[in-house]
Amino acid sequence: MYPSASEILTAFTKNPDEGGKLLFERYYKPLVLFADGMLHDLSAAEDVVQEQLVKLWEEALYERIHERALS
């Protein structure tokens, strides 16, 4: 079972590394499939998703996200 958005955001506040891991585990594959549908390039889709997830983590953007907006 995947972690909920609330669990992911809570994990970020306690341990950003754990929050990043949970975020990746929950959203990477669905986002890559979504991006690939738009880009028609799996490699580019993977790059875009990875860059955005890393940005959300490194720039602590998770601190400003409401749990409903995350999902």
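Residues numbered from 1 in each chain as written. Predicted model: local features only at pLDDT ≥ 70, side-chain atom pairs only at ≥ 80, totals over all residues. Heavy atoms only, no water.

1. Observations regarding a nonpolar patch on the surface
A contiguous nonpolar patch, built from F34, M38, L39 and V48 and spanning about 420 Å² of accessible area, is present on the exposed surface. For the nonpolar patch, the element with the most residues is helix α2 (residues 16-39), which contributes three residues. Mapped onto the elements, L39 comes out in helix α2. (Patch = residues over 30% accessible without salt bridge, like charges linked within 9 Å, V, L, I, M, F, W, Y side chains within 5 Å. Areas by Shrake-Rupley, 256 points an atom, 1.4 Å probe, with all protein chains shown as cover. Salt bridge = Lys/Arg side-chain N within 4 Å of Asp/Glu carboxyl O. Helix = DSSP H or I, 4+ residues; strand = E, 2+ residues; numbered from the N terminus.)

2. Quick look at a negative patch on the surface
Together, D41, E46, D47 and E51 make up a region of like negative charge exposed at the surface. By the secondary structure assignment, D41 is in the loop between α2 and α3 (42-58). Exposure remark for D41: the relative accessible area of 36% places this residue in the partly exposed category. (Lys, Arg positive; Asp, Glu negative; His and termini not counted. Charge placed at Lys NZ, Arg CZ, Asp CG, Glu CD. Buried < 20%, exposed > 50% of the residue type's maximum accessible area, 1.4 Å probe, protein only.)

3. Here we look at the packing of helix α1 (residues 5-14) against α2
At a closest axis distance of 6 Å, the pairing of α1 and α2 adopts a crossing angle of 155°. Relative to α2, the element α1 lies roughly antiparallel. Residues A5, E7, I8, A11, F12 and K14 of α1 touch α2, and the partners they reach there are P16, E18, G19, G20, L22, L23, R26 and Y27. Taken together, the residues of the contact of α1 with α2 break down into eight nonpolar, two polar and four charged. (Axes fitted to C-alpha atoms, helices over the stretch in contact; angles between N-to-C directions. Parallel < 35°, antiparallel > 145°, perpendicular 65-115°, else oblique. Contact = heavy atoms within 4.5 Å. Nonpolar A, V, L, I, M, F, W, Y, C, P; charged D, E, K, R; others polar.)

4. So, the packing of α2 against α3
Between α2 and α3, the least distance of the axes is 8 Å, while the angle of their chain directions is 145°. Crossing geometry of α2 relative to α3 is assigned as right-handed. In contact with P16, D17, L23, F24, Y28, L31, V32, A35, D36 and L39 of α2, α3 contributes L42, A44, A45, E46, V48, V49, Q50, L53, L56 and W57. (Left-handed = near helix turned anticlockwise from the far one by under 90°.)

5. Side note on unusual backbone geometry
Unusually for a residue other than glycine, H40 sits at a positive phi of about 55°. Tracing the backbone through its elements, the reader meets H40 in the loop between α2 and α3.

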